[in-house]
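Residue-level structural notes
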Amino acid sequence: MGDAVQLIKHVEMYVNSSATPSQQVASVDAVAALLKNDLLTLDALVREMEMYLTTTDSIVRSRGTLLLAEILEQLTSKPLNSTSIHSLIGFFTERLADWKALRGAIVGCLALLRRKVDVGVVTDSEAKAVAQSYLQNLQVQSLGQHDRKLSFQLMDCLLDRYPGAIRDLGDNLVYGICEAIDGEKDPQCLLLVFHIVESLARLYTGPLANFAEDLFEILGSYFPIHFTHPKGEDDDVKREELSRALMLAFASTPLFEPFSIPLLLEKLSSSLPSAKVESFKYLSYCTTKYGPERMVKHSKALWSSVKDVSYISPSSTESESMGGMSFQDSEIMRHAFVLLQEVTRQHADFVSLVIADNDIHVFINSLNQYKEFDDIPVLVKQKLHALGHILSTCAKPSVELCNKVFEGFFPLLMDGLGLSAAKQSDNVKCNFGAIYLCTELLAASRYLTLSLDNCTLDPDFSHQTWHVMLSNFSKSLEKAFIALFRSNWADNAESAYVYFGVKGLRILATFPESFLPVSKSIFDDILLELVSIVTSSGSKTFLWTLALKALVEIGFFIDKCPGSGKAAIFESIVVDKIVSLISSDDSAMPLSLKLQAAFEIGETRKDIMLRVVQGLDAAISTKFPEVYDHGNHESYNMIVKLLETYTQKVLPWFLEIGGSEEIPLNFALSIWGKMENSRFLNVNPLQIASGVLGATMTAMKSAVGSCSKENQEIIINKAFGILFSSTDFGSPGFKSGNDIVKEDELQQTNNNVGRDEWLTSLFASVVIALRPQTSIPNGKMVLQLFITSLLNGHVPSAHALGSLVNKLPLEINEMDSSTSFTLNEAMDIIFHSFNIPGNDGSGIDFGSLRLDTLRIQSAINTVIGLAWIGKGLLMRGHEKVKDITMSLLSFLTMDGQDGLPKQFQNLIEVSDEKGVNQLMICAGDAFRTIMSESGECLNRKYHANVRPLYKQRFFSTIMPILISLVVKSESSFVRSMLYRAFAHVVTETPPSAILGEAKKLVPLLLDCLSMLRKDVSNKEIIYSLLLVISGVLVEKTGQEAAVENAPGIINQLTDLTAYSHMTAIRETAIQCLVAVSQLSHTRIYPLRTKVLRATSKALDDPKRVVRQEAVRCHQTWASMASRSLHF
């Protein structure tokens, strides 16, 4: 009883004319839920609704019918018996005659017709009855847009799901559809209309024959699709969607051919480019659907249309590229070539029209008059490009077509080049057009052979016309192509003759071996010629680049042909020679070109790259002793380039292809083997740091970083053994305990800086690149080594310390306790070594440092180390970064002018004002180290632990402390140092975090700018701050803070427009002033005169980019002023 009451309540709510749409939806959902949960039967629902379905009140009747229909829409997956379905479909079929309740009737029919077999469906006879009622009662074009759309959906559903049931409706069906769709203009309805026509044409070819012309007349009126409504309307239906749907309808039946093809050809004369594009697109698609029998009578018209837009009046544009024959085809030309391709595939005799075209033959013969490439007019080049494309398109589809094209044009081109099959000659006529067309034909025939190479059939091509012709002329062509880049043309930069000469050789060398129209001797000669160019001095850069590229493409081609006999030839002629160049000192070829050639040839196949690696190893083994044993300065650059090739090319290549770790592992072990066997390093330390050592460290990090945990442990164990077996590291400075390193001990470790620095630096490189899971032998001794080296000014040791604290485990297993140690143990050693108290926030206790344990340089080294240690801790999110931060701040707050802190006053040796200032600057820059991204260490490439949002957390923690110190500071120098740290933090913080605190930060940013611009050395920091301010000005959340500080912002920016020490600062300041002009008028208008005065001066800036920005800014502010004066 309760359910019945609820049902009536929901029905009454729905049919009530005052109900809102949301209330109606809720009513439908509620009733559908009762039915789905079997709390109500469909029969009971219909009985309860009988009054609403049969009443004479048209409004109630229409709403009741629609309610029942929408409920059925939600029951598509609920099984219904045939009796219920029969009763319901009969009801809705009758209601199609009731125009007052038409929408509900259509929705109900659709809901029932769309049901699946397993839940009960409408029978064919019932579907036919729906179609008959539709054709008899619906005047579709008199309905509103939504009802028309529903009507088309109903017919579309009948055609798709019940084609057999309505087939015998015959002419009545076709006529009814024509009447329903005629005059439709709504895009959503048209999508359905076009699909209905497509379905109708596909299913009812017989009945359609009598109506094809009438039906196409309706369709043709929509071509080309053109929207008349403004952009933004009907966004759910795009022009491309409609165009494709109409195209499918055009091509749905060959019966449309007599009407569609003439229409499309006619539209090619339209002045609208889009109409031409659409016409070619439709012609291409219809050609494939109508078939060659129907299209053959249009062949001449189709060829004429393609020729007209591509050859007679080409619309291609010339673009910069090698060879001078790079044209960008217009969209019209691209679709014309697609049509040509489809027509030639469908109708082989179509090519005869191209071959017999007298205009083309006259044009080819006219090309003899141009002796130099630059003499050829652009229009002739465009036609030449189009003709090459035409011939290539015609030759590619089949052997038969290729034969015809070669018969028609190849002899003509050979005559143009002065070549003969019987008599070979090195002389070739200066006929660029013939050369270009010849290479296009060669490329087309090669494309054909590649497409047939994988076929199951293995036809004999030796007797095919194109194969015979090419075989007969192959030697002559080879000599002709070689002659092109041996002649004077090769001296010209980027000569077109040279480009196509090399291209011709490359094509000849890359025919599949099963269809090879050139002999083995010709293939050998081509490789030898290209190798001779690559192994030359490289003075002819253009020719050298082309030759190398050709060899690489030949190598890739051979790799794709397993079992090819060409592979052995390529290795003996090309690979052996190129790899031998790496270690050769005899060649006049620069080392950079040797390495480039070796690497690019190695890329063609993994086993070839392994040979290149062997060559690199041999060269490195040869050059290393010359550097570190004999101090051979000529070998410095060579070894650096060899190592850079390993780092930047070879290792990433193996990593990308998923190769084994054998290469990086062997490389790292090889370098350590060289270190083990070397006892002296006679190299100046500065040169080592900037050259060979730096390159070796980078290569070592890349190699170690590419290895797995197991292989990394092999490397670190070998490195540890070599490092600590050295007598140089037996000094007291390298202790495993926790004693503070003393000054005299530091001096002891500095005696043999060459070898020590090599070993320590390379060991640091290994540690930097380790994975967090990799075990480090005797970690405490390693840690003490890096601390000692750091205090000696060894920056890589600082990187290693940062990496260690970032990756060391918080806990260790008992099994590993003998060799490993935890992060907390490491931090205790570090804090003890640097005298950093724990967790009290007081920073470094200067008073506890002995007089001889800290000099300014040692203090600077300490700050650098603390910065990298702090960075490692911050990235992993460890709390002890706070202690490091406070220690750095304690250095920042020393005042070199007004006296040192009390606990520091006893350190006489550091009382030098200049030295203390340098120390404080270094402490300020430490915050840049902590916050910035690093390529040297602590990045994902080297497996650093990176906690999400670590920069934002540090920003929110350190900013209140810095602001408080700035406010309390009485010394201008200390204040400037604090602002230096503040600037580094702000500029490296993600913009989203800055914008969230913009109201607090903007005044500080302005004060910071004012303070830092007094020192020229701060120009890079100032520029970074300007970028932050510009980010605030362009974001809505930042503009609110900018409005409050508008006068201060404008004052700072106008002053910076005249900043003479950096162009980018002046440019950015002016750009920011443009952004300021969008702020509240009442805040910025009083300062317009100052801005205009500043930009007026900037109009005379020596740099053009600044003057351009000044013009834009001056116009913006001047127009604002004029508008204000007007008001």
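Numbering of residues starts from 1 in each chain and follows the order in which that chain's sequence is written. With pLDDT at 70 or above as the cut-off, local features in this predicted model cover only qualifying residues; side-chain atom pairs require 80 or more to be listed or tallied, and sums for whole chains, interfaces and linings still use all residues. The side-chain numbers reported here are obtained from all heavy atoms of the structure, hydrogens and water having been left aside.

Turning to the overall build of the protein chain, a few remarks are in order. Counting secondary structure elements, the protein chain contains 55 helices and 2 strands. In this description, contact between two residues means that some pair of their heavy atoms is separated by no more than 4.5 Å. Contacts spanning at least 24 positions in sequence make up 76% of the contacts within the protein chain whose residues lie at least 6 apart. Counting every atom, the protein chain has about 48,200 Å² of accessible surface; 51% of that belongs to carbon and sulfur. Helix and strand assignments come from DSSP, with helices taken as H or I runs of at least 4 residues and strands as E runs of at least 2, each series counted from the N terminus. Every accessible area reported is derived by Shrake-Rupley at a probe size of 1.4 Å, with residue values counting cover from the shown protein chains alone.

With that settled, the discussion passes to the confidence of the model for the protein chain. Mean pLDDT over the protein chain: 85, with 87% of residues reaching 70 or higher. pLDDT expresses how confident the predictor is about each individual residue, on a scale running from 0 to 100. Under a pLDDT of 50 for its full length, residues 730-753 has, in the predicted model, 41 contacts with residues more than four places off or in other chains. The low-confidence segment residues 1123-1127 (pLDDT under 50) makes 3 contacts with residues lying over four places distant or belonging to another chain.

This paragraph deals with the packing of helix α39 (residues 779-791) against helix α41 (residues 823-834). Every angle, taken between N-to-C directions, lies between 0 and 180 degrees, and every axis is a line fitted to C-alpha atoms, over only the stretch in contact when it is a helix. Running from amino to carboxyl end, α39 crosses α41 at an angle of 30°, the nearest separation of the two axes being 11 Å. The angle between the axes of α39 and α41 places the two elements in the roughly parallel class. For the pair α39 and α41, the crossing hand works out as right-handed. In this structure, α39 uses Lys780, Leu783, Gln784, Ile787, Leu790 and Leu791 to contact α41, whose residues at the interface are Glu825, Ala826, Ile829, Ile830, Ser833 and Phe834. Among the residues forming the contact of α39 with α41, the class breakdown is 8 nonpolar, 2 polar and 2 charged. Should an angle fall under 35 degrees it is taken as roughly parallel, and over 145 as roughly antiparallel, whereas 65 to 115 is taken as roughly perpendicular and any remaining angle as oblique. Whether a crossing is left-handed or right-handed is set by the direction in which the near helix is turned from the far one by less than a right angle, anticlockwise for left-handed and clockwise for right-handed. Under the scheme applied, nonpolar residues are Ala, Val, Leu, Ile, Met, Phe, Trp, Tyr, Cys and Pro; charged residues are Asp, Glu, Lys and Arg; polar residues are all the others, including Gly.

Moving on: a negative patch on the surface. On the surface, Glu179, Asp182, Glu213, Asp214 and Glu217 cluster together into a patch of negative charge. With 3 residues, helix α13 (residues 212-220) is the single largest residue contributor to the negative patch. Here the term buried applies to any residue with accessible area under 20% of the maximum for its type, exposed to any over 50%, and partly exposed to those in between, with areas from a 1.4 Å probe on protein chains only. Owing to a relative accessible area of 46%, Asp182 belongs among the partly exposed residues under this scheme. Put simply, a patch holds well-exposed residues, over 30% relative accessible area, that have no salt bridge, with like charges counted together within 9 Å and Val, Leu, Ile, Met, Phe, Trp or Tyr side chains within 5 Å. Each salt bridge in this description consists of a side-chain nitrogen of Lys or Arg and a carboxyl oxygen of Asp or Glu lying within 4 Å of one another. None of His or the chain ends enter the tally, which takes Lys and Arg as positive and Asp and Glu as negative. Taken as the charge centre is NZ of Lys, CZ of Arg, CG of Asp or CD of Glu, depending on the residue.

Residues enter a nonpolar core if they are buried and are Ala, Val, Leu, Ile, Met, Phe, Trp, Tyr or Cys, with the set joined through side-chain atoms within 4.5 Å. Membership of the largest hydrophobic core comes to 388 residues, with the highest contact counts inside it found for Phe194, Leu477, Trp672 and Phe763. Of the residues forming this core, the biggest block, 12 residues, is contributed by helix α28 (residues 541-559). With sequence-adjacent residues up to four places away left out, Phe763 is seen in contact with Trp672, Ile716, Ala719, Phe720, Leu723, Val782, Leu785 and Phe786.

Attention shifts here to the packing of aromatic side chains. A ring pair, where both rings are aromatic, is described by two values, the distance of the centres and the angle of the planes. By convention, a stacked pair of Phe, Tyr or Trp rings (six-membered ring in the case of Trp) has centres within 6.5 Å and planes under 30 degrees apart, an edge-to-face pair has planes over 60 apart, and any other such pair is tilted. Following the criterion strictly, the structure yields 25 aromatic pairs and no others. Considering the side-chain rings of Phe216 and Phe256, the 5.5 Å spacing of their centres and the 45° angle between planes classify their relative orientation as tilted. With Phe216 in helix α13 and Phe256 in the loop between α14 (239-250) and α15 (257-267), the pair connects residues that are 40 residues apart, well separated along the chain. Phe216 gets classed as buried once you look at its relative accessible area, which sits at 4%. Judged by its relative accessible area of 0%, Phe256 is buried. For the ring pair Tyr499 and Phe500, a centre distance of 4.9 Å and an interplane angle of 80° mean the geometry is edge-to-face.

Moving on, we come to the side chain of Ser260. Within the secondary structure, Ser260 is located in helix α15. Excluding its chain neighbours within four sequence positions, the residues that come into contact with Ser260 are Phe216, Phe250 and Tyr290.

Another point: helix α4 (residues 58-73). By definition here, a helix of n residues has an expected span of 1.5 Å times n minus one. The first and last C-alpha atoms of α4 sit 22 Å apart over 16 residues, in line with the 22 Å expected at 1.5 Å per residue. Polar contacts, as used here, are pairs of N or O atoms within 3.5 Å; protein pairs need one atom able to donate a hydrogen and one able to accept it. Residues neighboring in sequence count only if both atoms are side-chain atoms. Residue Asp57 occupies the N-cap position of α4, its side-chain oxygen lying 3.1 Å from the main-chain nitrogen of Ile59.

A few words on the pattern of salt bridges. Evaluation of the coordinates by the stated rule reveals 34 salt bridges. Across the pair Lys503 and Glu440 runs a salt bridge, and its minimum N-O distance is 3.6 Å. In this pair, Lys503 sits in helix α26 (residues 496-509) while Glu440 sits in helix α24 (residues 432-453), placing the two residues 63 residues apart along the sequence. Each member of the salt-bridge network shares a partner with another, and the members are Glu571, Asp576, Arg605, Asp607 and Arg611.

By secondary structure assignment, the location of Ser310 is in helix α18 (residues 299-312). Taking C-alpha positions, Ser310 is 5.5 Å from Met333, a pair spaced 23 residues apart along the chain. Sequence-distant contacts of Ser310, that is, excluding residues within four places in its chain, are made with Met333, Phe337, Ala386 and Ile390. A distance of 2.6 Å separates the side chain of Ser310 from the backbone oxygen of Val306, its partner in a polar contact.

What follows is about the packing of α18 against helix α21 (residues 358-366). Interaxial distance between α18 and α21 falls to 12 Å at its minimum, and their mutual angle equals 30°. Classified by the angle their axes make, α18 and α21 are roughly parallel. Counting all contacts with α18, which are made through Trp303, Lys307 and Tyr311, the residues of α21 involved are Asp359, Ile360 and Phe363. Here the contact of α18 with α21 is composed, by residue class, of 4 nonpolar, no polar and 2 charged.

Another aspect to go through is helix α19 (residues 331-346). With 16 residues, α19 ought to run about 22 Å at 1.5 Å a step, and its terminal C-alpha atoms sit 23 Å apart, in line with that. Regarding α19, the residues found buried are Ile332, Met333, His335, Ala336, Phe337, Leu339, Leu340, Glu342, Val343 and Thr344.

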